[in-house]
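Structural description and commentary
One-letter residues, chain by chain:
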Amino acid sequence: MKVGKIYRKKRKKTFGEIVFICVMLAIPVTHFCLFWVYINIDSIRLSFQSFDMNSGAWRYVGFMNYRTFWQELTKAESVLPKSILNSFSVFLWNDLVIVPISVICAYVLSKKLFFASGFKVIFFLPAIISVTVLTLVFSFMFDSTLGPVPILLDKLGLSSWIPFEGFFASGKTAWGMILFYGLWSGIGYDIVLVTGAITRIPEDIVEAGRIDGLTSIKEFFYITIPMIGSTIGTLLMLGTTVIFSYFLPVRLILGGDNANSVGAGTIALYIVTNVRDAGTVQMPLGAAFGIICAIIGTPIVFICRKLIDRFLPAYEY
Amino acid sequence: MGNRVKREKSDEIVKWVFFALFVLYAISLLYPFLWCFINSFKTKHEFIRNINGFPEKWTLINWEESLEIRANGITIAQMYLNSAFFTVGCTFLGMFSSSATAYIFSKYDFRGRRAVYTAALVIMMIPTTGSMAAMYRLYNNIGLINTYTGILITAMGGFGSGFLLLFGFYENLSWTYAEAAQIDGAGHFRIYFRIMMPMAIPALTAVGILQAIGHWNDYFTIYMYAPEKVTIAYGIQIINSLEGVNLPKVFAAMMLSIIPVLVVFACFQKVIMNNTSIGGIKG
């Protein structure tokens, strides 16, 4: 979206107008300066500091936190390489699996499918229910002692599929369960979003194509996807941003410590654990890792944005 | 002609295959909640021996007892109050701030306007996970950890998805209304609060409902900055860890936590779904 034209003619502002603009923007601008500008500058500062437990003061330690981070990353049995891999796999899972499936499902759903409106309402439910409740019901369903899914697998003679330690405590299945949770809880919202975009495609364009003998598959690839490019782009971009922020489902389903022990940590989980749970002493390490993420992540996000804008341009209709 | 009939038939088959998949997915979404709901009417002992059936005797004991559970010393009723306070306060402050910012940026020209607008859009994309540490330190230093004020202040930002939606709305709102009011002697504040803002009520309502649901369900902010001001979204997790041995009670508490959201969704389902679709596109 670009800044649009101003309806008012350019002229010298009155005192009243200046006061109005200042008053209206006072809170948002102060908030922005404090919670974005200051906080980010302080993050950089914090990453070069350390907390002295004896004096209770912060002192400058140069690149020590970055060095500690590097040692953490490269030491034997480090959880960080796996956490970084996991975080990137969330991005790939979203952009290469969830979004394409959502687009296909939304296309079919938009073709006057029986009970389509009912499906949309049901599919939307995970978007309004808190992640706490969603993760809890999900873990109950797969609980190895009482969950309906293991009971069903057992009845079907597939009990060998159930890991001895349970789905969430086994290193073989824990991360897969997190990805599966992402699909289960996220795909419905994406389907509703894309269906909304498809219904806004002008009917006459599709009709003209149909007269020219366009098959459903061709309609999907040559009309639907290009016309909803901006919506698909938005969903793909959301996938990019979760690389550095995905941790809540992991923490709620697996628990912070368990997640790392079963190889299901993420970048954000590592930072949150350092900032929130490990105490003040570990905060600078979290900040240092955060700065590294911002340095690596910003170009990734912008390159993705550029690629999306190039291959999925937004059409006005 | 034959090809067309064949094509239509195969389209029909594909539709029914997807219909079956959608039914399965819908069941997978509804069944867990139904399972928890039904099991919340069983006693602890009955649940252990009858996990998947209907209760032999329906009891409300778990629902009654769940009202007395305490998480960090706070009952569910108090969690509801905290959630309601944060939801109303954060939504109101957030909307007020976003609306003011969107109105000024869409209707007034001033130096730096374009730069700030572009910066606001660009910074939304920069990953700022690392800023959690500095934010925590700031809250700690100025005594905002575990305070209502701290959480309300967090929500007062004027930029974000709400800003983008309202910017689009105000941009399309004709300035002639304001001009007519100016001729009648109305000042800038009166034009905004008496004319333009009331006209934006449908857009504000839509954005407000979405933000309110987000605040009601917010786990992260409370977990990070105010774990003592337990809300229902945060408290359910604590209740599960405290009462995990009596799962029917946890199920009852869970159901209690989602009832308000489901009621709001039932009342404003169209508004919520339509605006989420638009929000996705604009974002």
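Residues numbered from 1 in each chain as written. Chains lettered and ligands numbered in written order. Predicted model: local features only at pLDDT ≥ 70, side-chain atom pairs only at ≥ 80, totals over all residues. Heavy atoms only, no water.

**Side note on the packing of aromatic side chains**
Considering all chains together, one arrives at 70 aromatic pairs over all chains under this definition. Pairwise contacts between aromatic rings join Phe 20 of chain A together with Phe 92, Phe 96, Tyr 103, Tyr 108, Phe 169, Tyr 170, Trp 175, Phe 189, Tyr 192 and Phe 193 of chain B into one cluster. The side chain of Arg 310 of chain A reaches across the aromatic face of Phe 311 of chain A, ending 5.4 Å from its centre. Sitting over the face of the ring of Trp 58 of chain A, Arg 137 of chain B holds its NZ or CZ atom 4.6 Å from the ring centroid. (Phe/Tyr/Trp six-rings, centres within 6.5 Å; stacked < 30°, edge-to-face > 60°. Lys NZ or Arg CZ within 6 Å of the ring centre and 35° of its normal.)

**Overview of a nonpolar patch on the surface**
On the surface, a nonpolar cluster with roughly 450 Å² of combined accessible area is contributed by Val 23 of chain A together with Phe 92, Phe 96, Phe 189 and Phe 193 of chain B. At the level of secondary structure, the elements contributing two or more residues to the nonpolar patch comprise α4 (76-107) and α10 (188-199) of chain B. Its location among the elements puts Val 23 of chain A in helix α1 (residues 15-46). (Patch = residues over 30% accessible without salt bridge, like charges linked within 9 Å, V, L, I, M, F, W, Y side chains within 5 Å. Areas by Shrake-Rupley, 256 points an atom, 1.4 Å probe, with all protein chains shown as cover. Salt bridge = Lys/Arg side-chain N within 4 Å of Asp/Glu carboxyl O. Helix = DSSP H or I, 4+ residues; strand = E, 2+ residues; numbered from the N terminus.)

**Quick word on the environment of Ile 84 of chain A**
All names here are of chain A. Relative to the helices and strands, Ile 84 is located in helix α3 (residues 80-109). Under the relative-accessibility criterion, Ile 84 is labelled partly exposed at 24%. Residues Ile 84 and Cys 105, 21 residues apart in the sequence, show an inter-C-alpha distance of 31 Å. Sequence-distant contacts of Ile 84, that is, excluding residues within four places in its chain, are made with Leu 73, Ile 267 and Phe 289. (Buried < 20%, exposed > 50% of the residue type's maximum accessible area, 1.4 Å probe, protein only. Contact = heavy atoms within 4.5 Å.)

**Brief notes about the interface of chain A and chain B**
If you look at the interface, chain A gives 109 residues, while chain B gives 99 residues. Here chain A and chain B share an interface that buries about 9300 Å² over both sides, 76% of which is from carbon and sulfur atoms. Our count for the chain A to chain B interface comes out at one salt bridge. Ionic pairing is found between Arg 137 of chain B and Asp 42 of chain A, a salt bridge with its closest N-O pair at 2.8 Å. There are 14 residue pairs in polar contact (both at pLDDT 80 or more) connecting chain A and chain B. No other element matches α1 of chain A, which puts 21 residues into the side of chain A that touches chain B. In terms of residue class, the side of chain A that touches chain B is built from 68 nonpolar, 24 polar and 17 charged. (Buried area = accessible area lost by both parts, 1.4 Å probe. Polar contact = N/O pair within 3.5 Å; in protein donor to acceptor, adjacent residues only side chain to side chain. Nonpolar A, V, L, I, M, F, W, Y, C, P; charged D, E, K, R; others polar.)

**A short note on the nonpolar core**
Core analysis: the biggest nonpolar cluster contains 159 residues, and Phe 123, Phe 140 and Leu 254 of chain A together with Trp 35, Ile 239 and Met 254 of chain B have the highest contact counts within it. Tallying contributions element by element places helix α7 (residues 174-199) of chain A first for this core, with 15 residues. With residues up to four places along the chain from it excluded, the contact list for Phe 123 of chain A reads Leu 109, Gly 188, Tyr 189, Ile 191 and Val 192 of chain A together with Phe 22, Tyr 25, Ala 26 and Leu 29 of chain B. (Core = buried A, V, L, I, M, F, W, Y, C linked by side-chain atoms within 4.5 Å.)

**Brief notes about the domain arrangement of chain B**
Residue and element names in this part refer to chain B. The domain boundaries assigned to chain B delineate domain 1 (2-61) and domain 2 (73-282). Computed from C-alpha atoms alone, the centre-to-centre distance between domain 1 and domain 2 is 33 Å. One can count zero salt bridges joining domain 1 with domain 2. For the pair domain 1 and domain 2, the interface holds zero residue pairs in polar contact (both at pLDDT 80 or more). Listed by contribution, the elements that provide at least two residues to the side of domain 1 that touches domain 2 are α1 (2-39) and α2 (44-49). If one sorts the elements of the side of domain 1 that touches domain 2 by residue count, α1 sits on top with five residues. (Domains from an automatic or database assignment.)

**Section: the pattern of salt bridges**
Throughout the structure, instances matching the rule amount to twelve salt bridges over all chains. Between Asp 42 of chain A and Arg 45 of chain A there is a salt bridge, and its shortest N-O distance comes to 2.9 Å. Of this pair, Asp 42 of chain A and Arg 45 of chain A both sit in helix α1, three residues apart, which is roughly one turn of the helix. With a relative accessible area of 2%, Asp 42 of chain A lands in the buried category. Its salt-bridge partner being Glu 243 of chain B, residue Lys 249 of chain B comes within 3.3 Å of it at the nearest N-O pair. Because the salt bridges share partners, they merge into one network encompassing Asp 42 and Arg 45 of chain A together with Arg 137 of chain B.

**Quick word on the pairing of strand β2 (residues 57-60) of chain A**
Working note: regular strand, side chains alternate between the two faces of the sheet. All names here are of chain A. Both strand β1 (residues 49-52) and β2 contribute to a ladder of four bridges, which runs antiparallel. Residue pairing across strands places Phe 51 opposite Trp 58, the latter belonging to β2. Between the end of β1 and the start of β2, which pair antiparallel, lie four residues, with Gly 56 showing a positive phi angle near 70 degrees. (Pairing = 2+ DSSP bridges.)

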